[in-house]
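Chain residues, written in single-letter form:
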Amino acid sequence: MLVIQQLVNGLMLGGVYVMVAVAFTLIIGMLNFLNFTIPALFMFAAVLMHATMMGQLPFGNDFILSIFGMEYRWVAGIIVSLVVIALVSLVIERFTYRYMKAKYGDATEHALPLVSSLGFLIIFEHFVVSTWGSDPLTAVSPFGQGTFSIDTIIFSVPQIVSLLLSLIVVIMLSVMLKATKLGRALRAIAERPDTATLMGVEVGRIVPVVYVITGLLCAVSGILFTINYATVDAYVGDTVATVAIAGMVLGGLGNVWGAIIGGLFIGMLEVMSIYIVGAEFAKVPIWGLLLLLLAFKPTGLFGHTLIGKGKF
Amino acid sequence: MSGYMEAQLIILCLSIIYAYGIFLPAASGQLNLGAAGFITLGAYASAWFNASAGAALPMWLSIPIAMIFTGVIAIAISFPILRTRGVYMVLATFAFAEVVSGIVINLEFVGGASGFPVDDHADVTVIVPVTIAVILFSFYFMSTRLGLALRSIHDDESVATLFGVNVRTAKVVAFTVGAMLMSLGGSLYGHHYNYIEAQTFNVLLSIYILLYVLMGGTQTAWGPLIGAAFFAIVPETLREIAESAGLKWLAEGRFILFGVFIVLLMVFRPEGVMTRTLQNRLGGGLFRRKKVLTDDTGGGS
């Protein structure tokens, strides 16, 4: 029974990874680079959520309190996180993609976007450290500790809601990619950006949309992380969100459904390895699996062979 | 030299050694985000060979043994890792560093999570000459046939193959020698501070070292030197400006400003600060290379 309980916990943790893995996979699939601002945005959203709920924003706390009151500050937290992350994503797009594309042609020929995104990672981590300090920040969950149990297995209600929510968001995204005009444009860019331009897709207008979508995915994931696990710090992006990379590779780069399955699997693998071999050793199975995958089957389960063929 | 200056000099020297370790594979276009893994291997291997509980060898023997140990592991993993390219290689080296830190933290005979004390002390009179030797070695390495081969692989791998460059061998050698340099840096770190913890060598360290190299520029051997110096000097200078002007926000937020520098540098110098064109322009008669080796990729194309 304990094993099944661990599997359930793993599935819940996997729900956090799914959205981050989808964010990574979208950027790699569309723009062919590993975006290290994704862990930063995840962390920033989680910290903003915490700060708004606890009234620790640099400014505007009284204003939020006067509108939402003590009880509904979590609503304000969600709004603040989503809005700030969406705006920040647009700034990031400008400096990791648009400007380079305009000035140097194919940006992936250089390691440019990767380096700029690492620069943004440093900016966000140090912004959070200088504003809120480097100690772990503990929030009180607005939804309490609601649980129910089937047999002896305990389910936490907020966690189940989060898992469902993240799956719904990702499934909506994948329907959007399949059925809408925007989705078709996105898939055309992923296939071959130059041909897409010739076919009348406005690449310059679509790419910011990709950044905002991935930013919002990270933000939702970070918000759910704060609500469920209550403790965040400036380095939560490095320790939590990078694990989603393993999930993305497992599912295959550029494949949304692959990222869902990979993310859930990595969550379960992490919890099971903590249960079996201990927390200190849990990194080894996850990253070892990633190393083996890259060595023997880099396309993952459902990957596309064209992706990642660029120089960087 | 004051104690503060000496501490800063040590940090600068170690950063330079690490940076050259990443630079050698990067010169052939292979991005290695696993610096922390090789540094951990070097630091722990040298510490164990040096410790009385381990092999009890003197420092001047334990450091080369640690380098050879890391070199053997680097050769072993270089074959699967170098099969991958681009994004996949960044991911693979990143995963390697995480696996190393996960394993080392669980090895009880090197202290596990609580860290491992190192016996022999390496002070500034050891580290500075070693750093100068590493710099000279890297300049020599890049001027050999192999160095030229690495540059040609960086520019165009298939053309390099057509001209008879053994791409696989060149990449493996660059990767392995780079890993051994990082191992040297890691062992010096351990012997200087006399205490190592696996948690110090984390993802952020790997990221910073890769940034030293990419910001300095991978085209010439000056790049890592400039990048590492930039990283060591700019935050400290900002701190001193902040202290003398009494600006609290600058003292706390100087790394934010520094991150902004990185992003802006990529906008204006995408191939790093030091490019071949710039080198030729600055060098005049002194460093002038034969015309056949110069090209104009400096500003990006």
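How each quantity is defined
- Chains are numbered independently. Their residues run from 1 in the order of the written sequence.
- Think of it this way: whatever chain is written first is A, whatever ligand is written first is 1, and the rest follow in order.
- Under the rules for a predicted model, residues below a pLDDT of 70 receive no local features and side-chain atom pairs below 80 are neither given nor counted, while totals for whole chains, interfaces and linings still include all residues.
- With hydrogens and water excluded, all non-hydrogen atoms of the structure serve as input to the side-chain values.
- Per the convention used, a helix needs a DSSP run of H or I reaching at least four residues, while a strand needs a run of E reaching at least two, with both numbered from the N terminus.
- Note that the radius of gyration is over C-alpha atoms, with the globule rule given as 2.2 Å times the number of residues to the power 0.38.
- When accessible area is computed with a 1.4 Å probe and restricted to protein chains, residues below 20% of their type maximum are described as buried, those above 50% as exposed, and intermediate ones as partly exposed.
- Contacts are assigned to residue pairs that have any heavy atoms within 4.5 Å of one another.
- Here, Shrake-Rupley sampling with a 1.4 Å probe gives the accessible areas, and only protein chains in the shown set may cover a residue.
- In summary, the charge assignment counts Lys and Arg as positive and Asp and Glu as negative, without counting His or the chain termini.
- For this purpose, a charge sits on NZ of Lys, CZ of Arg, CG of Asp or CD of Glu.
- As used in this record, nonpolar core signifies buried Ala, Val, Leu, Ile, Met, Phe, Trp, Tyr and Cys residues forming a set joined through side-chain atoms within 4.5 Å.
- By definition here, a salt bridge exists when the distance from a side-chain nitrogen of Lys or Arg to a carboxyl oxygen of Asp or Glu is within 4 Å.
- What gets called buried area is simply the loss in accessible area from a 1.4 Å probe that two parts show on being joined, summed for both.
- Stacked, tilted and edge-to-face are the three classes applied to pairs of Phe, Tyr and Trp rings, where Trp contributes its six-membered ring and a pair requires centres within 6.5 Å; stacked means planes under 30 degrees apart, edge-to-face means over 60, and tilted covers the rest.
- Scored from 0 to 100, pLDDT reflects the predictor's confidence in each residue.
- Strand pairing is assigned whenever DSSP detects at least two bridges linking the two strands.
- Take the residue count of a helix, subtract one, and multiply by 1.5 Å to get its expected span.
- Two distance rules govern patches: like charges are joined within 9 Å, and nonpolar side chains (Val, Leu, Ile, Met, Phe, Trp, Tyr) within 5 Å, applied only to residues with over 30% relative accessible area and no salt bridge.
- Each axis is a line fitted through C-alpha atoms, and for a helix only the stretch in contact is used; angles between axes span 0 to 180 degrees, taken between their N-to-C directions.
- Each angle receives one of four descriptions, namely roughly parallel if under 35 degrees, roughly antiparallel if over 145, roughly perpendicular if within 65 to 115, and oblique otherwise.
- Left-handed describes a crossing in which the near helix is turned anticlockwise from the far one by less than a right angle; the clockwise case is right-handed.
- Under the convention adopted here, Pro, Cys and the residues Ala, Val, Leu, Ile, Met, Phe, Trp and Tyr are nonpolar, Asp, Glu, Lys and Arg are charged, and Gly plus all remaining residues are polar.

A. Up close: the overall build of chain B. Check the secondary structure of chain B and you find twelve helices and two strands. Here chain B has a C-alpha radius of gyration of 20 Å; the compact-globule value for 301 residues is 19 Å, and the two agree. Considered along the principal axes of its C-alpha atoms, chain B spans approximately 55 × 55 × 35 Å. When the 301 residues of chain B are sorted by exposure, 56% land in the buried category. Counted over contacts in chain B with a minimum sequence separation of 6, partners at least 24 positions apart contribute 77%. For chain B, the exposed area adds up to about 12400 Å²; of that, 69% sits on carbon and sulfur atoms. Charge-centre separation for chain B: the mean point of 16 positive side chains lies 16 Å from the mean point of 17 negative side chains.

B. Quick look at the overall build of chain A. When helices and strands are counted, chain A shows 13 helices and four strands. At 19 Å, chain A has a C-alpha radius of gyration in line with the 20 Å of a compact globule built from 312 residues. Principal axes of the C-alpha set define a box for chain A whose edges measure 55 × 50 × 35 Å. Partitioning the contacts of chain A with sequence separation of at least 6, the portion at a separation of at least 24 is 76%. With the model as given, the accessible surface of chain A reaches about 12900 Å², and the carbon-plus-sulfur share is 69%. Counting 15 positive and 15 negative side-chain charges, chain A places the centres of these two groups 15 Å from one another.

C. A look at the nonpolar core. Membership of the largest hydrophobic core comes to 196 residues, with the highest contact counts inside it found for A:V22 and A:M248. Per element, the largest residue contribution to this core is 17 residues, and it comes from helix α1 (residues 2-31) of chain A. Those residues in contact with A:M248 that sit more than four places away from it in its chain are A:A21, A:F24, A:T25, A:I28, A:L34, A:L253 and B:L91.

D. Representation of the pattern of salt bridges in the model. Residue and element names in this part refer to chain B. Inspection of the entire model under this criterion finds six salt bridges over all chains. The salt bridge involving R239 is made with E236; its shortest N-O contact spans 3.1 Å. One end of the pair, R239, and the other, E236, are both in helix α10 (residues 222-245), three residues apart, so they sit about a helical turn from each other. For E236, a relative accessible area of 17% puts it in the buried group. Put simply, E243 and R239 hold a salt bridge, and the shortest N to O gap is 2.8 Å. Placement of the pair is E243 and R239 together in helix α10, with a separation of four residues, close to one helical turn. Judged by its relative accessible area of 53%, E243 is exposed. Members of the salt-bridge network, linked through shared partners, are E236, R239 and E243.

E. Representation of the interface of chain A and chain B in the model. Taken together, the 51 residues of chain A in the interface contact 48 residues of chain B. Here chain A packs against chain B, burying approximately 4300 Å² in sum over the two surfaces, 75% of which is carbon and sulfur. Linking chain A with chain B are one salt bridge, by the criterion used here. In this structure, A:K283 engages B:E98 in a salt bridge whose closest nitrogen and oxygen atoms are separated by 3.4 Å.

F. Seen up close, the packing of aromatic side chains. Per the counting criterion, the structure on display carries 22 aromatic pairs over all chains. Geometrically, the ring pair formed by A:F127 and A:W132 is edge-to-face, given 6.3 Å between the ring centres and 85° between the ring planes. For A:F127, a relative accessible area of 30% translates into the label partly exposed. With relative accessibility at 12%, the residue A:W132 sits in the buried group. Where B:Y208 meets B:F231, the ring centres are 5.8 Å apart and the plane angle is 80°; that geometry is what we call edge-to-face. Highlighted residues: B:Y208 in helix α9 (residues 203-216) and B:F231 in helix α10, separated in sequence by 23 residues. On the basis of relative accessibility, which here comes to 16%, the residue B:Y208 falls in the buried class. In this structure an aromatic cluster arises from ring pairing among B:Y208, B:Y212, B:F230, B:F231, B:F255, B:F258 and B:F261.

G. Here's a closer look at the confidence of the model for chain A. In the predicted model, chain A carries a mean pLDDT of 83, and the fraction of residues at 70 or more is 91%. At the level of individual helices and strands, chain A shows its lowest average pLDDT in strand β2 (residues 147-150) of chain A, which scores 75, and its highest in helix α2 (residues 37-53) of chain A, which scores 92.

H. Structural context of the pairing of strand β3 (residues 153-156) of chain A. Here four bridges tie β2(A) to β3(A), and the two strands are oriented antiparallel to one another. Residue pairing across strands places A:S149 opposite A:I154, the latter belonging to β3(A).

I. Fine view of helix α13 (residues 283-296) of chain A. In a regular helix each residue adds 1.5 Å, so 14 residues correspond to 20 Å; α13(A) covers 20 Å between its end C-alpha atoms and thus fits that length. Those residues of α13(A) that are buried lie in contact with α11 (243-251) and α12 (256-277) of chain A together with α3 (59-83) and α4 (86-104) of chain B.

J. Seen up close, a nonpolar patch on the surface. Residue and element names in this part refer to chain A. Taken together, L2, V3, L7, Y275, I276 and V277 make up a surface patch of nonpolar side chains, about 530 Å² in accessible area. Of all the secondary structure elements, the ones that give two or more residues to the nonpolar patch are α1 and α12. Of note, Y275 is situated in helix α12.

K. Examining the packing of α1(A) against helix α6 (residues 157-179) of chain A more closely. Residues and elements named next belong to chain A. In contact at an axis separation of 8 Å, α1 and α6 are set at 25° when each is read in the N-to-C sense. Here α1 lies roughly parallel to α6, going by the angle between them. The crossing of α1 and α6 is left-handed. Judged by residue contacts, L11, M12, G15, V18, M19, V22, L26 and M30 of α1 engage Q159, I160, L163, S166, V169, V170, L173 and L177 from α6. By residue class, the composition of the contact of α1 with α6 is 13 nonpolar, three polar and no charged.

L. Here's a closer look at a positive patch on the surface. Residues and elements named next belong to chain A. A cluster of basic side chains, namely K178, K181, R184 and R187, defines a positive patch on the protein surface. Examining the composition of the positive patch, we find that three residues originate from one element, helix α7 (residues 181-191), more than from any other. Residue R187 is classed as partly exposed on the basis of its relative accessible area of 37%.

M. Unusual backbone geometry, seen in detail. Although it is not a glycine, A:A230 sits at a positive phi angle of roughly 65°. One can find A:A230 in the loop between α9 (203-229) and β4 (231-232). For B:N194, which is not glycine, the phi torsion reads 60° and is therefore positive. The residue B:N194 is located in the loop between α8 (167-193) and β2 (195-196) in this model.

N. Looking closely at the packing of α1(A) against α9(A). Residue and element names in this part refer to chain A. The contact between α1 and α9 brings their axes to 9 Å, and the two run at 165°. Judged by the inter-axis angle, α1 sits roughly antiparallel to α9. As for the relative orientation of α1 and α9, their crossing is left-handed in sense. Contacts between α1 and α9 pair M12, L13, V16, M19, V20, V22, A23, L26, I27, M30 and L31 from the former with V207, V210, Y211, I213, T214, L217, C218, V220, S221, L224, F225 and Y229 from the latter.

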